[in-house]
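Below are the chains, spelled out letter by letter.
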Amino acid sequence: MITFHRPTHFYETLDTNHVMEDAFAKVQHECQSDEIGYYKLPVTSREVIRELQAYTQDNSVLLEAQTVVAVGIGGSSLGAKAIDSLLRHKRTNAKELIFFENSDPVDIVSKLKKLQKENLALILISKSGGTIETISTFKAIVAYLDFDFASDDAKRLIVITDPDSILSQFAQEYGIKEFTMPSNVGGRFSVLSAVGIVPLFLMGYDVEALLEGAGSLIDRFFERQEEHLLQKAYYLYTNNQTISINVLFAYSNLLEDFSKWYVQLWGESLGKIDTQGNRVGLTPIGLTGSVDQHSFLQLIIEGPRNKSVTFMNIDDFEEDITIPNISLKRIEKTDYINGNSFGKLINAQCDATMQSVMDSGVVADKISLSIANEENIGALIAYFELLTSITGAMMGVNTYNQPGVELGKDILVKKFQA
Ligand code: PA5
């Protein structure tokens, strides 16, 4: 179960108005017309699962592999990484999912050293097919493992890309298994397509439940049973000149990679030039509680009133440890916490910090996962994707493109070709 706590101003506009209705109609049109494809992934990706089941039955090396390697960046890695980080500690098998993302040489070398060709499933993910970090890292893996596309090595490789991309052509050239992603699904909205489903399936996660959780929330939204999403987007939109920073304060290390996924989704989707030519955007910041109480919190409480805060927590960590009943001389004042679990402590810290933030006049809300499981994570993903689409619709931006990141890529090409 996932609960949306709505204590303050985010939800003061309880009746719908024409801005909310127009945004709802736009998002509904995107979905119904298939202009934007992510809304239907909870249904269409069931076919990806069926195809994976059939393919891995004939090609068992992929399921037997103890190391699953995903090579991709941005929307091609952050979603699956966020889900793996939330569920990894519950895994009963010894499999490891390694992401090659950055062009950082130290990171690449240390990860290469972990690879053994005979124990590996390799997934190459790029929607465009030509992202320089991804393809360069893939070449480094091919060279390090002496990967031979003409041998059985190729059975260990899966390519995920857009139909007709240069990467798709590469897969066809070498007879490599390929999953395509729908061309109406953008990178940062693609976690529930083959981009996320393939690596998570090979890791043994319950991808059906993931889709189920996301699909239920999307259905409820279109049935007008999750109106808080419209109300929150409306608040963010109408106050974006003053409250321009949105903090996600997540009370668990398990949620750190989820925060990175959120930062990409929010930043790349909403930081745009709008239809009137204005520069608009809401700045996403991902914090981890309780650690960042000792860092960023001061700025929230006493700094400029330009932030909203969404707290996130996991009610039941399912694995816990008690603070021992030990009283130590001179530090007895900390004994009040003895005998309580760390799970109880971190969740109480989340509530106490949220109260302090609200008491100081900052707008806040909270999202609670009952436990970290696939169904809840699916719902969480759908929640943030829908919130992004609705807010983008209200702000009058193209939520799904990212022209701002192309300039640097062009300059890079010129640097190497000069
Ligand atoms: O959201 C996006 O579209 C981007 O962040 C991409 O995911 C990222 O640039 C990686 O692109 P590609 O999947 O084409 O390699």
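## Focus on the sheet that holds strand β4 (residues 120-125)
Okay, step 1: The strand order across the open sheet built from five strands is β3-β2-β4-β5-β6, with neighbouring strands paired in parallel fashion. Taken across any chain shown, the strands that pair with only one partner, and hence form the sheet edges, are β3 (96-100) and β6 (177-180). Averaged over all pairs of adjacent strands, the angle between strand axes in this sheet comes to 20 degrees, irrespective of strand direction.

## Focus on the sheet that holds strand β7 (residues 245-250)
Okay, step 1: Strand order in the open sheet made by the five strands is β1-β12-β11-β7-β10, with mixed pairing throughout. Bordering the open sheet on either side are β1 (2-5) and β10 (283-288), each of which pairs with just one other strand. Across the sheet, the mean angle separating the axes of adjacent strands is 15 degrees when strand polarity is ignored.
Okay, step 2: Contacts between helix α11 (residues 256-270) and the sheet are confined to β7, β10 and β11 (307-314), with β10 contributing the most and set at about 175 degrees to the helix.

## Notes on the site of the ligand
Okay, step 1: As a matter of local geometry, the ligand sits amid 13 residues, with S76, S126, S128, T131 and Q264 nearest to it.
Okay, step 2: Within the side chain of Q264, one N or O atom sits 2.6 Å away from an oxygen atom of the ligand.
Okay, step 3: Contacts to the ligand include E268, whose side-chain N or O atom sits 2.9 Å from an oxygen atom.
Okay, step 4: Look at the ligand: alone it shows 380 Å² of surface, and the protein chains cover 88% of it.
Okay, step 5: Domain assignment of the residues forming the shell around the ligand places at least three in each of domain 1 (2-32 + 210-404) and domain 2 (38-205).

## Section: the environment of P7
Okay, step 1: Note that P7 resides in the loop between β1 and α1 (18-32).
Okay, step 2: Separated by 47 residues in the primary sequence, P7 and A54 place their C-alpha atoms 48 Å from one another.
Okay, step 3: Setting aside chain neighbours within four positions, we find P7 in contact with M354, M358, A364 and D365.

## Comments concerning a negative patch on the surface
Okay, step 1: On the surface, D315, D316, E319 and D320 cluster together to form a negatively charged patch.
Okay, step 2: By the element assignment, D320 lies in the loop between β11 and α13 (342-359).

## Some points on the domain arrangement of the protein chain
Okay, step 1: Splitting the protein chain by domain gives domain 1 (2-32 + 210-404) and domain 2 (38-205).
Okay, step 2: On the domain 2 side, the residues contacting the 39 residues of domain 1 number 27 residues.
Okay, step 3: Summed over both sides, the interface between domain 1 and domain 2 buries roughly 2800 Å², with carbon and sulfur atoms accounting for 66% of that surface.
Okay, step 4: Two residues, R188 and E268, come together in a salt bridge whose shortest N-O distance is 3.4 Å.
Okay, step 5: Linking domain 1 to domain 2 there are 15 residue pairs in polar contact (both at pLDDT 80 or more).
Okay, step 6: Residue assignment for the side of domain 1 that touches domain 2 shows that the elements contributing at least two residues are α1, α9 (207-222), α11 and α14 (374-395).
Okay, step 7: Sorting elements by how many residues they give to the side of domain 1 that touches domain 2 places α11 first, with eight residues.
Okay, step 8: Classifying every residue of the side of domain 1 that touches domain 2 gives 19 nonpolar, 10 polar and 10 charged.

## Structural notes on the packing of aromatic side chains
Okay, step 1: In the structure shown here, the tally under the stated rule is 22 aromatic pairs.
Okay, step 2: With centroids separated by 6.0 Å and ring planes inclined at 80 degrees, the aromatic side chains of F138 and F170 adopt a geometry described as edge-to-face. Placement of the pair is F138 in helix α6 (residues 132-145) and F170 in helix α7 (residues 166-174), with a sequence separation of 32 residues.
Okay, step 3: Its relative accessible area of 6% is what places F138 among the buried residues.
Okay, step 4: The exposure class of F170 is buried, given its relative accessible area of 19%.
Okay, step 5: Aromatic rings pair up to connect F4, F258, W261, Y262, W266, Y383 and F384 into one cluster.
Okay, step 6: Above the ring of Y55, the side-chain terminus of K177 is found at 5.1 Å from the ring centroid.
Okay, step 7: Over the ring of F24 we find R224, and its NZ or CZ is 4.1 Å from the ring centre.

So, how was this worked out
Residues numbered from 1 in each chain as written. Predicted model: local features only at pLDDT ≥ 70, side-chain atom pairs only at ≥ 80, totals over all residues. Heavy atoms only, no water. Pairing = 2+ DSSP bridges. Helix = DSSP H or I, 4+ residues; strand = E, 2+ residues; numbered from the N terminus. Axes fitted to C-alpha atoms, helices over the stretch in contact; angles between N-to-C directions. Contact = heavy atoms within 4.5 Å. Near = heavy atom within 4 Å. Polar contact = N/O pair within 3.5 Å; in protein donor to acceptor, adjacent residues only side chain to side chain. Areas by Shrake-Rupley, 256 points an atom, 1.4 Å probe, with all protein chains shown as cover. Domains from an automatic or database assignment. Patch = residues over 30% accessible without salt bridge, like charges linked within 9 Å, V, L, I, M, F, W, Y side chains within 5 Å. Salt bridge = Lys/Arg side-chain N within 4 Å of Asp/Glu carboxyl O. Lys, Arg positive; Asp, Glu negative; His and termini not counted. Charge placed at Lys NZ, Arg CZ, Asp CG, Glu CD. Buried area = accessible area lost by both parts, 1.4 Å probe. Nonpolar A, V, L, I, M, F, W, Y, C, P; charged D, E, K, R; others polar. Phe/Tyr/Trp six-rings, centres within 6.5 Å; stacked < 30°, edge-to-face > 60°. Buried < 20%, exposed > 50% of the residue type's maximum accessible area, 1.4 Å probe, protein only. Lys NZ or Arg CZ within 6 Å of the ring centre and 35° of its normal.

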